[in-house]
Amino acid sequence: MSRTDNIFLIGPMGAGKSTIGRHLAELLDKEFQDSDHEIEQRTGASIPLIFEIEGEAGFRSRESLVLDDLTRKSNLVLATGGGAILSDDNRRALRSRGVVVYMHAPLETLLQRTRRDRHRPLLQTTDRGKTLEEILKSREPIYRQTADIVVETSHRSPASVAREIARKLETLQTDENAAS
């Protein structure tokens with residue numbers, strides 16, 4: 001199995017991981033999965049409810065188990081939750097079992113895309129902008145350090161971003177084949 005068999009999308013909430021991931025999976029003829037959706041399916045509970053009952057630590061524990069399971073699959077495009085990269089184990093699994101793509105978008109774009117969303121527990125605050133800015137500030141270096149590929153998602157169609165990722169994957173695969 002080549003590392004490019006699996007594509008793992010990382011980035012903050014609102015970057016477009018799920019939407020672009022579906023386009024990318026179709027383009028590359030791969031299965032698409034969303035780790036947050038999988039957590040909800042397996043627990044029978046919504047992410048906000050898990051946060052309410054178990055707190056962020058409980059959610060992160062569940063997220064790590066699901067990520068370990070999903071990253072062992074093959075021929076997969078996986079949209080991860082925005083905080084999945086906070087765990088060393090998660091980062092190791094992502095990097096060793098596939099190509100990691102950081103979906104970058106500026107704060108203004110993320111705020112616009114999440115402004116009406118009530119499904120993201122970390123954004124249920126009085127100042128979404130400040131909260132999202134703090135999240136980005138702490139996670140941005142980790143996203144960049146973990147990623148094999150970085151793509152900008154703001155002001156672009158999901159299909160356009162998916163095509164760019166596919167082109168970058170081809171280049172990466174060619175480079176890896178030449179090195180081996």
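Refer to the structure above for everything that follows.
Below, the structure is looked at part by part. (Residues numbered from 1 in each chain as written. Predicted model: local features only at pLDDT ≥ 70, side-chain atom pairs only at ≥ 80, totals over all residues. Heavy atoms only, no water.)

**Structural notes on the sheet that holds strand 1 (residues 6–10)**
Taken together, five strands build an open sheet; the order of strands is 2-3-1-4-5 and the sheet is parallel. Pairing within the sheet leaves two strands with one partner each, and these edge strands are strand 2 (31–34) and strand 5 (149–152). Put simply, the sheet's adjacent strands are angled 20° from each other on average, direction ignored. In this structure, strand 4 (residues 99–104) lies alongside strand 5, joined through four bridges in parallel fashion. By the bridge assignment for strand 5, Val101 is matched with Ile149. Along the sheet face, helix 1 (residues 17–28) touches strand 1, strand 2, strand 3 (76–79) and strand 4 and points at about 165° away from the line of strand 2. Its contacts with the sheet place helix 2 (residues 35–43) against strand 2 and strand 3, and it is angled at close to 70° to strand 2. (Pairing = 2+ DSSP bridges. Helix = DSSP H or I, 4+ residues; strand = E, 2+ residues; numbered from the N terminus. Axes fitted to C-alpha atoms, helices over the stretch in contact; angles between N-to-C directions. Contact = heavy atoms within 4.5 Å.)

**What about the packing of aromatic side chains?**
Counting across every chain of the model gives two aromatic pairs. For the ring pair Phe51 and Phe59, a centre distance of 5.0 Å and an interplane angle of 35° mean the geometry is tilted. In terms of burial, Phe51 and Phe59 fall into one category: buried. For the pair Tyr102 and Tyr143, a centre-to-centre distance of 5.0 Å together with 20° between the ring planes defines the contact as stacked. Placement of the pair is Tyr102 in strand 4 and Tyr143 in helix 6 (residues 128–146), with a sequence separation of 41 residues. Neither residue differs from the other here; Tyr102 and Tyr143 are each classed as buried. (Phe/Tyr/Trp six-rings, centres within 6.5 Å; stacked < 30°, edge-to-face > 60°. Buried < 20%, exposed > 50% of the residue type's maximum accessible area, 1.4 Å probe, protein only.)

**Let's talk about the pairing of strand 3**
Across a regular strand the side chains alternate sides, sitting on one face of the sheet and then on the other. The two faces of strand 3 match: Leu76 and Leu78 on one face and Val77 and Ala79 on the other face are all buried. Where strand 1 lies against strand 3, four bridges are found, and the strand directions are parallel. Paired with Ile7 across the two strands is Val77, which belongs to strand 3. As paired elements, strand 2 and strand 3 share four bridges and run parallel to each other. Considered in strand 3, the bridge of Gln33 is made with Leu78.

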